[in-house]
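Given next are the chains, with one letter for each unit.
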Amino acid sequence: MNVLHGYLRSLRAMAQVGHPIISESVILPLTRDLYLDSLADLEVYLFGVRCPLAVAQERERARRDRQQGVPIELDVPEFDLAHSHGPYDAEVDTSMMSVAQCVSTLTSALERPPSAFLRLRAERVASDDARPCLFCEVVAGTRAAHVVLETPATTAFMDQLRQPPDPAHVLVIPKAHVENIYAVGPALGAELFEAHALVARAVKRAFAPDGITTWSSNERGANQEIPHFHLHVYPRRVGIPYPPLLAKPETPVADDALRLSAERLRRAIDELRD
Ligand SMILES: [Zn+2]
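Residues numbered from 1 in each chain as written. Predicted model: local features only at pLDDT ≥ 70, side-chain atom pairs only at ≥ 80, totals over all residues. Heavy atoms only, no water.

## So, the overall build of the protein
Secondary structure assignment for the protein yields nine helices and seven strands. Each of the 274 residues in the protein was classed as buried or not, and the buried ones make up 34%. Partitioning the contacts of the protein with sequence separation of at least 6, the portion at a separation of at least 24 is 68%. Total accessible area on the protein is roughly 16600 Å²; 57% of this is exposed by carbon and sulfur atoms. (Helix = DSSP H or I, 4+ residues; strand = E, 2+ residues; numbered from the N terminus. Buried < 20%, exposed > 50% of the residue type's maximum accessible area, 1.4 Å probe, protein only. Contact = heavy atoms within 4.5 Å. Areas by Shrake-Rupley, 256 points an atom, 1.4 Å probe, with all protein chains shown as cover.)

This is the structure:
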């Protein structure tokens with residue numbers, strides 16, 4: 001993924017100084033958002049260059065420039081995924097069209113304004129809006145979570161995806177659907193911060209980490225993944241790398257570990273409040 005980041009950065013840099021760039025890319029669902037965000041302010045045409053799988057496999061067998069002469073395997077699901085983005089600004093089938101026909105089809109598409117990339121971006125925004133909010137579901141009790149603290153306007157629960165060696169990474173959220181910090185008013189802010197500080201003291205008391213990092217990420221540009229404001233409380237140990245390396249797709253942390261941590265934190269909160 002980091003290699004792709006670097007690649008897209010150089011594409012942008014070249015395009016921004018006026019170079020027309022042709023990129024031969026396979027955009028899979030996993031990397032789609034990265035393309036949509038990285039190239040957002042550029043004029044981007046999407047061209048589908050395809051042929052039937054059998055023809056592609058035959059061509060792969062014929063080439064000797066991959067992996068020291070060993071042709072790569074093309075498997076059907078991945079091949080279909082790579083070709084699932086249409087409609088493109090233009091598409092060519094190289095098994096049926098000559099090179100000259102392909103060139104003329106793609107060239108004439110360049111005379112129209114691009115639309116496929118913009119459509120993909122619009123679809124992404126629409127699907128984000130339609131998706132139910134995971135954290136509102138936690139507040140409503142329709143999604144399971146290990147809650148450690150509840151106040152009239154806030155709730156705090158164990159992060160289900162990322163836990164350091166001391167499994168006490170907690171998220172503190174407003175119960176109301178507030179998208180990010182820009183919409184947090186003074187009363188809610190005070191209650192959130194009080195809950196946040198209490199959770200941090202409880203993590204310190206129950207797990208005795210060397211330190212605690214707290215943060216919030218706001219908007220996509222800051223990698224906010226769930227559009228419902230949340231403050232992180234994250235215990236640290238000297239010598240443990242931070243931020244943690246993420247493997248995508250991330251796998252949930254074992255429920256038992258989260259339950260035990262939540263119990264320890266609830267006990268610590270009770271003690272702190274006495
Ligand atoms: Zn929400």
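Structure's up, so let's keep going.
## Comments concerning the packing of helix α8 (residues 186-207) against helix α9 (residues 255-273)
Put simply, α8 and α9 touch, their axes get as near as 8 Å, and they point 110° apart. It follows from the interaxial angle that α8 and α9 lie roughly perpendicular. Between α8 and α9, the residues in contact are Leu-198, Arg-201, Ala-202, Val-203, Arg-205, Ala-206 and Phe-207 and Ser-261, Arg-264, Leu-265, Ala-268, Ile-269, Glu-271, Leu-272 and Arg-273, respectively. Each residue belonging to the contact of α8 with α9 can be placed in one class, and the counts come to nine nonpolar, one polar and five charged. (Axes fitted to C-alpha atoms, helices over the stretch in contact; angles between N-to-C directions. Parallel < 35°, antiparallel > 145°, perpendicular 65-115°, else oblique. Nonpolar A, V, L, I, M, F, W, Y, C, P; charged D, E, K, R; others polar.)

## Topic: helix α3 (residues 53-62)
Among all positions in α3, only Leu-53, Ala-56 and Glu-60 are buried. Projected down its long axis, α3 carries its buried residues within an arc of 60°, all on one side. Facing away from the buried side of α3, by more than 90 degrees, are the exposed residues Ala-54 and Ala-62. (Arc of directions from axis to C-beta.)

## A closer look at the environment of Val-233
With respect to the helices and strands, Val-233 occurs in strand β7 (residues 231-236). Taking the C-alpha atoms as reference points, Val-233 and Trp-215, 18 residues apart in sequence, are found 7.2 Å from one another. Excluding residues within four positions of it along the chain, Val-233 makes contact with Ala-168, His-169, Val-170, Val-172, His-196, Val-199, Ala-200, Val-203, Ile-212, Thr-213 and Thr-214.

## Quick notes on unusual backbone geometry
Of note, the bond from Tyr-242 into Pro-243 is cis; its omega dihedral lies within 30 degrees of zero at -5°. Counting through the fold element by element, Pro-243 comes out in the loop between β7 and α9. Of note, the phi angle at Glu-219 is positive, near 80°, even though the residue is not glycine. Mapped onto the elements of the fold, Glu-219 is located in the loop between β6 (211-215) and β7. For Glu-219, a relative accessible area of 42% corresponds to the partly exposed category. In the Ramachandran plot, Asn-223 falls in the positive-phi region, its phi being about 65° despite a non-glycine side chain. Turning to its location among the elements, Asn-223 is positioned in the loop between β6 and β7.

## Notes on the packing of aromatic side chains
Each aromatic ring pair is characterised by the separation of its centres together with the angle its planes make. Tallied over the full model, the rule gives five aromatic pairs. Here the aromatic rings of Trp-215 and Tyr-242 are separated by 6.3 Å at their centres, their planes lie at 70°, and the arrangement is edge-to-face. Taken together, the residues Trp-215 in strand β6 and Tyr-242 in the loop between β7 and α9 connect sequence positions 27 residues apart. Taking relative accessible area as the criterion, Trp-215 reaches 25% and is therefore assigned partly exposed. Linked through ring pairs, Trp-215, Tyr-234 and Tyr-242 together constitute an aromatic cluster. (Phe/Tyr/Trp six-rings, centres within 6.5 Å; stacked < 30°, edge-to-face > 60°.)

## Some words on the nonpolar core
Grouped together as the largest cluster of nonpolar side chains are 26 residues, with contacts concentrated most on Val-148, Leu-149, Val-170, Val-172, Val-199 and Leu-265. Those elements that provide at least two residues to this core are β3 (147-150), β4 (154-158), β5 (170-174), α8, β7 and α9. Considering each element in turn, this core owes the most residues, ten residues, to α8. Core analysis: the next-biggest nonpolar cluster, separate from the first, contains 15 residues, Ile-27, Leu-36, Leu-42 and Phe-117 among them. (Core = buried A, V, L, I, M, F, W, Y, C linked by side-chain atoms within 4.5 Å.)

## Focus on the sheet that holds β3
As summarised here, the arrangement of the five strands in space is β3-β4-β5-β7-β6, forming an open sheet in which the pairing is antiparallel. Of all the strands in the sheet, just β3 and β6 have a single pairing partner and so form its edges. Taking each pair of neighbouring strands and ignoring which way they run, the sheet shows an average axis angle of 20°. Both β5 and β7 contribute to a ladder of three bridges, which runs antiparallel. (Pairing = 2+ DSSP bridges.)

## Let's talk about the environment of Ala-200
One can find Ala-200 in helix α8. When the C-alpha atoms of Ala-200 and Ile-212 are compared, they prove to be 7.3 Å apart, with twelve residues separating the residues in sequence.

## Describing the coordination of the zinc ion
Of the protein atoms, only Cys-133 (SG), Cys-136 (SG), His-177 (ND1) and His-228 (ND1) coordinate the zinc ion, at distances of 2.0 to 2.3 Å. Relative to the metal, the four donor atoms surrounding the zinc ion lie at angles of 105 to 117°, and the coordination shape comes out tetrahedral. Of note, the zinc ion draws all its donor residues from one chain, in the sequence arrangement C-x2-C-x40-H-x50-H. Taken as a pair, His-177 in the loop between β5 and α8 and His-228 in the loop between β6 and β7 lie far apart in primary sequence, 51 residues in all. (Donors = N, O, S within 2.8 Å, 3.2 Å for Na, K, Ca; no water. Tetrahedral: all angles 85-135°; square planar, octahedral: opposite > 155°, others 65-115°.)

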